[in-house]
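# What the coordinates show
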Amino acid sequence: MSEQIVMSKSDLKAIYESYNDYFNDILDNIIDILQKSVKLFTPPTYKRRVKSFNSYYKKVLRLKPHEISHGKSLIYLTDMIGIRMICAFLEDINYGVEQIKKVFEIKEVEIKGEEQKFNEFGYESVHVLVKIPDSCIPKLEGKYKDLKKISDEFVCEIQVRTILQDAWAEVEHELIYKSEFSPFDSPLRRKLASINASLALADITFQEIRDYQRKLQRELDNRRNSFYSKADNLLNDKTDVQDENIQRVTPFVKGTIDDLILQAIQAHNDGHLEDAVLIYTKILEAIDPKEKNIICVIRKHRGMAYFSMNKFDEATEDFKVSIDNDPKAFRSYYYLGIVYSIQKKYHDAIDCFTKSLEINEFQAHTNFRRAMAYFEIQEYEKSMNDLDTAIKLGLDPNECKVLQEKLSKKFGFSMN
């Protein structure tokens, strides 16, 4: 086959390597589009590569005669340049591929490794072959003008993988593809298969943890909004309605602490407050007293449940114990301040809000609640300052309207 190539290997290498900068410019342009267009929760990282000459040359030698361009020009292959888009989680692969499809003209999508048997050690990844947009191709002039006749064929393979899939691909390339032989020894093959399975399981586990965290965060947001709503109702002397349709859960709930926390928060959000308190109490009874961070979190959660049950003394105790176990627990200070506000202990409330802001100054709602407390003790200037800060930090102006109107009357000017 080698006689079909009109150039010597050294001449072909010189021509091929002369295009290196040109192809790197193309890759830079494609990556720039990907970075601007592909939006994932965790931004992906990108690797690029221009095919090494040795790999390129081996593939050229396998070409059929009619596939080889004669003369002193580049023999173009469709896989000379490629990009790896490396994602944090499995779900990001599908999201990433869908966004790539919206930006580029797709020539082919292939899932590598899906046909493998369970005991083989290849690793899946998605390969997307895209047409290179004209906007990514530098001017075809000078020594590059010979590419004009094939510029419509320019493609780039984008490999979309997780971090662990990419790590495996790097090692696999060294152990298998760059080696003189693949491992035939059964124990060695089993070891490789085991490593591959462990990495795949780790990817699945990471995704499950992320899914759990999302679900937990949704429940936490719902519970927090419910807490704020109740606080507003009580501060405005509105009647609080309790859900009496409580479905009991067994006190012998089995599972991890994370499972129990999620169950408790769901019970809280569903209005099953006594169930929530019961589960939180079981968690506290089960954990080591030295686990101060966990105690801080669980006491804070249980305190919010007690608050929703109008058991303010129990809520106060839980928030205080939460703070004792973690003096940096700014949310516990904040929630304790709300309880004091409802009990009209405004100076104590201001003290709690101030301590919370000393730990984390970027809290719009905490500034707002302190502004309300300052208003009640007739510290109107401080109230206005806190209100302005809350708005600057992004608090919805509609939430501030009532207090703004009250303050404007005290200062003797109209809000219109």
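Okay, so let's go over this structure. The model shown is predicted, which means the values in this text are computed figures rather than measured ones. The numbers attached to residues start from 1 for each chain and follow its sequence in the written order. Only residues with pLDDT of at least 70 are given local features in this predicted model, and only at 80 or more are side-chain atom pairs given and counted; all residues enter the totals for whole chains, interfaces and linings. As a rule here, side-chain values come from all non-hydrogen atoms in the structure, and water together with hydrogens is ignored.

## Section: unusual backbone geometry
Rules: In DSSP terms, a helix is any run of H or I states spanning at least four residues, a strand is any run of E spanning at least two, and both are numbered starting from the N terminus. Each residue gets one of three labels from its accessible area relative to the maximum for its type: buried under 20%, exposed over 50%, partly exposed in between, using a 1.4 Å probe on protein chains only.
Positive phi is not limited to glycine here, since K344 has a value of about 65°. When you line up the elements, K344 lands in the loop between α11 (330–342) and α12 (346–359). One non-glycine residue, Q378, lies in positive phi territory at about 65°. Following the sequence through the fold, Q378 ends up in the loop between α13 (364–376) and α14 (380–392). Residue class for Q378 comes out exposed when judged on its relative accessible area of 57%.

## Describing α11
Stated precisely, the cut-off is as follows: Here a helix's expected span is defined as the number of its residues, less one, multiplied by 1.5 Å.
Spanning 13 residues, α11 covers 19 Å between terminal C-alpha atoms, matching the ideal 18 Å at 1.5 Å per step. Most of α11 is tucked away, with 11 of its 13 residues classed as buried. Positive phi shows up at K344, right after α11, with a value of about 65°.

## A closer look at the nonpolar core
Counted only if it meets this: Buried residues of nine kinds, namely Ala, Val, Leu, Ile, Met, Phe, Trp, Tyr and Cys, make up a nonpolar core once their side-chain atoms join them within 4.5 Å. Throughout, a residue-residue contact means that at least one pair of heavy atoms, one from each residue, lies within 4.5 Å.
One finds F23, I30, L34, Y56, I100, I132 and V160 to be the most contacted residues of the largest nonpolar core, which totals 46 residues. Elements with a minimum of two residues in this core: α1 (9–18), α2 (20–37), β1 (45–50), α3 (53–61), β2 (81–87), α4 (90–103), β4 (125–131) and β5 (155–162). Here the element with the most residues in this core is α2; it accounts for eight residues. The residues touching V160, leaving out its near neighbours within four places in the chain, are M85, C87, I93, V97, I100, S125, V126, V128 and Q165. Among the nonpolar cores identified, the runner-up in size contains 40 residues, and A267, V277, I338 and V339 belong to it.

## What to know about the packing of aromatic side chains
For clarity, the cut-off: Working definition: a ring pair exists when centres of Phe, Tyr or Trp rings (six-membered ring for Trp) sit within 6.5 Å. Plane angles under 30 degrees give stacked, over 60 give edge-to-face, the rest tilted.
By the definition in use, this model includes 12 aromatic pairs. Pairing Y22 with F23 gives two aromatic rings, centres 5.9 Å apart and planes at 75°, and the pair type is edge-to-face. We classify Y22 as buried; its relative accessible area is 2%. Residue class for F23 comes out buried when judged on its relative accessible area of 3%. Aromatic side chains F319 and Y335 sit 5.8 Å apart centroid to centroid with 40° between the ring planes, which places their arrangement in the tilted category. With F319 in helix α10 (residues 312–325) and Y335 in helix α11, this pair connects stretches of sequence that are 16 residues apart. We note that F319, like Y335, is buried. Put simply, the rings of Y16, F53, Y56 and Y57 pair up and form one aromatic cluster.

## Looking at the environment of E17
With respect to the helices, strands and loops of the structure, E17 is situated in helix α1. What makes E17 partly exposed here is its relative accessible area of 45%. Separated by 35 residues in sequence, E17 and S52 place their C-alpha atoms 9.1 Å apart.

## Overview of the side chain of Q159
Following the sequence through the fold, Q159 ends up in strand β5. Given the relative accessible area of 12%, Q159 is considered buried. If near-sequence neighbours (up to four positions away) are discounted, Q159 is found in contact with I83, R84, M85, V126 and H127.

## Description of the sheet that holds β5
As a reminder, the rule being used: Here, strands pair whenever DSSP counts at least two bridges between them. Helix axes are fitted to C-alpha atoms over the stretch in contact, other axes to C-alpha atoms as well, and angles between N-to-C directions run from 0 to 180 degrees.
An order of β1-β2-β5-β4-β3 is seen for the five strands of this open sheet, with the pairing classed as mixed. Where the open sheet ends on each side, the last strands, each with one partner, are β1 and β3 (106–112). This sheet shows a mean twist of 20° between the axes of neighbouring strands, independent of strand direction. Two strands pair when backbone bridges link them, and β2 and β5 are joined in this way by six bridges, in the parallel orientation. Bridging across to β5, M85 finds its partner in V160. Taken strand by strand, α4 contacts β2, β3, β4 and β5, and its axis lies near 155° from that of β5.

## With respect to the pairing of β2
Summarising burial for β2: seven of the seven residues are buried, a large majority. Here β2 shows two buried faces, one formed by I81, I83, M85 and C87 and the other by G82, R84 and I86. Summarising the sheet, β1 and β2 pair through six bridges and their orientation is antiparallel. Of the residues in β2, the one forming a bridge with T45 is I86.

## Topic: the pattern of salt bridges
Filter applied, for reference: Whenever Lys or Arg places a side-chain nitrogen within 4 Å of a carboxyl oxygen from Asp or Glu, that contact is recorded as a salt bridge.
As enumerated under the stated definition, the model contains 18 salt bridges in all. A salt bridge links R161 to D166, with the nearest nitrogen and oxygen atoms 3.7 Å apart. This pair shows no difference in class: R161 is buried, exactly as D166 is. A salt bridge links D386 to R370; the nearest nitrogen and oxygen atoms lie 2.6 Å apart. In this pair, D386 is assigned in helix α14 and R370 in helix α13, connecting sequence segments 16 residues apart. Neither residue differs from the other here; D386 and R370 are each classed as buried. Through salt bridges that share partners, K47, R84, R161, D166 and E170 make up one connected network.

## Focus on the side chain of R210
Defined as follows: The term polar contact refers here to a pair of N or O atoms within 3.5 Å; inside protein, the definition further demands a hydrogen-donor-capable atom paired with an acceptor-capable atom, and it admits residues adjacent in sequence only when both atoms are side-chain atoms.
Relative to the helices and strands, R210 is located in helix α6 (residues 186–235). Within the structure, the side chain of R210 is placed 3.2 Å from the side chain of D92, a separation counted as a polar contact.

## A word on the packing of helix α8 (residues 273–286) against helix α9 (residues 292–308)
Definition in use: When describing relative orientation, an angle under 35 degrees is termed roughly parallel and one over 145 degrees roughly antiparallel, while 65 to 115 degrees is termed roughly perpendicular and anything else oblique. Crossing handedness follows the turn of the near helix against the far one: under a right angle anticlockwise gives a left-handed crossing, and clockwise gives a right-handed one. Three residue categories are used. Nonpolar comprises Ala, Val, Leu, Ile, Met, Phe, Trp, Tyr, Cys and Pro, charged comprises Asp, Glu, Lys and Arg, and polar comprises the others, including Gly.
At a minimum axis separation of 9 Å, α8 and α9 run at an interaxial angle of 160°. Judged by the inter-axis angle, α8 sits roughly antiparallel to α9. Of the two possible hands of crossing, α8 and α9 adopt the one that is left-handed. Residues L273, V277, Y280, T281, I283 and L284 of α8 pack against I295, I298, R299, H301, R302, A305, Y306 and S308 of α9. Here the contact of α8 with α9 is built from residues that sort into nine nonpolar, three polar and two charged.

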